[in-house]
Amino acid sequence: MNEYAIYHRPESEYAYALDENTLRIILRVAAGENFSRAELLYNNKYDFTKSRSHTEMHLVSTDGLFDYYGTDIKLTDVRFAYIFKLYEKTDSGDTGDKIYYYSEAGLSETYDFVLAYYTFFQFPFINQSDVVKRLSWTDSAVFYQIFVDRFSRGDHGKYDGYITQEWNEIPTARCFAGGDLKGIISKLDYLAETGINALYLTPVFCADSNHKYNIKNYTVVDPQFGNNDDLRCLLTQAHDRNMRVMLDAVFNHCDMSHEFFCDAVNYGAASQYREYFLTDGDRPDFEKGNYAYFADCKYMPKWNTSNKKVREYLINIAVEYIKSGFDGLRLDVADEVSHTMWRELRKAVKTVNPDALLIGEVWHENTHYLRGDEFDGVMNYRVHKVLIDHFGVRAVSAEEAANRLNGILMQNYEQVNGMMLNFLDNHDTPRFLRLAGGNTDLVLSALVALIMLPGIPCIFYGTEFPMDGGSDPDCRRTFDWTFETRDEIYFSYYKSALALKRLRSVQSGGYSVYAVGDLLVIERRTVGETVKAYFNRSGAPCDVPAVGETVYARHYADGILGTFGAVVMRERGGRA
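Residues numbered from 1 in each chain as written. Predicted model: local features only at pLDDT ≥ 70, side-chain atom pairs only at ≥ 80, totals over all residues. Heavy atoms only, no water.

> Any chance you could break down the packing of aromatic side chains for me, citing the residues and the numbers?
All chains considered together, the criterion is met by 52 aromatic pairs. Ring geometry for Y101 against F113: centres 6.0 Å apart, planes inclined by 85°, an arrangement best described as edge-to-face. Placement of the pair is Y101 in strand 8 (residues 98-103) and F113 in the loop between strand 9 (106-108) and strand 10 (121-123), with a sequence separation of 12 residues. Ring geometry for F151 against Y461: centres 6.4 Å apart, planes inclined by 90°, an arrangement best described as edge-to-face. Of this pair, F151 sits in helix 1 (residues 148-151) while Y461 sits in the loop between strand 20 (456-460) and helix 13 (488-499), and the two are 310 residues apart along the sequence. Using a relative accessible area of 0% as the deciding quantity, one classes Y461 as buried. The rings of Y218, F251, F260, F261, Y273, Y276, F277, Y291, Y293, W303 and Y313 are connected pair by pair, giving a single aromatic cluster. Its end group placed over the ring of W481, K187 keeps NZ or CZ at 4.2 Å from the ring centre. Directly above the aromatic system of F491 lies the positively charged group of R486, at a separation of 3.8 Å from the ring centroid. (Phe/Tyr/Trp six-rings, centres within 6.5 Å; stacked < 30°, edge-to-face > 60°. Helix = DSSP H or I, 4+ residues; strand = E, 2+ residues; numbered from the N terminus. Buried < 20%, exposed > 50% of the residue type's maximum accessible area, 1.4 Å probe, protein only. Lys NZ or Arg CZ within 6 Å of the ring centre and 35° of its normal.)

Set out below in structure tokens:
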């Protein structure tokens with residue numbers, strides 16, 4: 001046995017509460033360990049030395065490097081103590097299995113149960129307030145991200161002297177196309193008919209850019225997009241259609257024209273707002289760039305969120321957004337903001353609306369944000385990259401894609417995996433169609449995988465065409481409301497893919513990701529229903545070992561899945 005690979009840690013992704021009476025316990029071992037059996041030995045922590053219950057653990061996932069054994073324990077006494085008992089197959093059938101114990105003391109061939117209180121693992125108590133809650137409405141949510149300036153113009157009577165491009169022109173970084181809030185309102189029925197039931201809006205408040213991430217005023221809608229009445233109307237109209245709305249909230253930085261920053265520039269050390277920003281010297285100086293700012297954009301000074309008054313100012317804004325009717329916040333550049341800020345913001349927002357969704361923009365390692373005291377989920381760039389590598393640029397096999405997806409899924413609580421915001425592309429990335437070399441079959445396969453994976457799918461506007469585009473700003477093209485560029489066959493499959501999210505097991509069921517030969521398989525299951533999606537990204541047709549009702553099929557017939565095809569089968573019955 002590889003002693004160096006075995007690992008467990010209480011109160012982590014390896015041991016956490018699913019609810020007030022249920023614990024999920026995971027043990028990591030080296031991939032391919034030759035076990036005949038793995039057991040969890042447990043009792044309440046005060047009686048463990050006297051007696052113990054045994055339950056078998058099952059192989060629940062593998063990432064190629066490690067295997068993960070797991071079990072869910074329903075408890076009547078939540079003061080929990082446990083160790084692991086492992087049965088390793090030996091070369092000789094005469095000697096039987098070799099037994100190991102794994103505890104806080106490490107791996108051993110014997111274990112002293114009399115003195116177990118020194119070394120057993122424990123989950124001392126399941127406190128209700130510590131249990132991570134999954135927001136029930138996210139089970140069926142399908143988000144649609146709208147870059148407001150490029151989606152639809154609804155107000156043709158507004159001042160439009162700011163518009164610098166024709167609607168169908170390729171955008172530049174600083175051009176304006178004229179999209180607005182009334183345009184979005186006018187298209188809500190269209191979105192609902194395609195299967196969308198949640199909107200994610202890029203910023204809408206006063207800023208001199210087309211993207212509005214350099215906010216000057218956090219409470220006044222930019223006149224290019226309309227006014228505050230238009231925003232209230234959008235929220236009302238969306239909610240009337242049972243459609244949620246999430247706002248992009250920018251609390252890492254603001255615009256240099258924000259009144260607080262201007263005060264710091266004008267009055268320097270005498271300004272009450274000087275400590276609201278991170279300045280080297282008495283006052284911020286644009287030419288010197290002697291203050292912290294976002295990326296290389298000196299016009300976006302960074303807030304000092306270690307400052308209590310800054311936190312109070314920004315958190316009050318967040319609370320007002322939720323009070324006004326937004327159902328969630330996507331928090332921009334979240335990994336550069338203090339953890340203190342996010343913990344305080346969560347408490348304030350959840351006090352107003354416990355069902356408000358908080359999504360952080362975190363591109364890299366993110367588990368430290370996802371333990372129930374900061375975000376509900378993050379923008380899932382790690383899943384995004386796997387989908388690019390397998391379906392887009394076709395750089396990794398089905399087995400490697402499955403291993404990488406499993407590695408990601410095993411790093412978070414079950415509840416958190418269900419609230420991660422999964423996407424193929426967004427306003428900061430090239431369009432998936434471009435990455436797939438224009439192959440719409442690969443886009444559709446990736447879209448089906450997106451829907452099938454645990455989490456909340458988020459569709460970037462125009463994916464239903466599908467829209468082409470390179471890196472920012474080319475990914476932010478205008479929506480073709482003439483539909484002349486829409487591939488109608490593709491569009492039909494697009495709607496069928498989104499409809500998979502209506503299946504109960506796809507919404508909230510258990511999951512497995514694995515490879516069968518060249519096929520990537522994503523399986524979702526709940527009591528009474530198992531749904532399996534098969535993806536053939538290889539260069540040749542493949543046999544599909546599938547039975548049941550076909551609920552989605554592209555390039556599939558008579559048990560054969562063609563090149564770049566996908567098929568989804570539903571079987572009645574099965575376990576969760």
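Having seen the model, we can carry on.
> Lay out the pattern of salt bridges in plain terms, naming residues and giving numbers.
When the charged atoms of two side chains with opposite charge come close together, those side chains can pair. Counted according to the given criterion, the structure contains 42 salt bridges. As a salt-bridge pair, E414 and R24 come within 2.6 Å of each other at their nearest N and O atoms. Placement of E414 in helix 10 (residues 414-417) and of R24 in strand 2 (residues 22-30) is noted, with a sequence separation of 390 residues between them. When its relative accessible area of 19% is taken as the criterion, E414 is described as buried. Here K158 ties to D180 by a salt bridge, and the two come within 2.9 Å at their closest N and O atoms. Here the residue K158 occupies a position in the loop between helix 1 and helix 2 (181-186), and D180 occupies one in the loop between helix 1 and helix 2, the gap between them amounting to 22 residues. Taken as a pair, K158 and D180 share a single burial class, namely buried. (Salt bridge = Lys/Arg side-chain N within 4 Å of Asp/Glu carboxyl O.)

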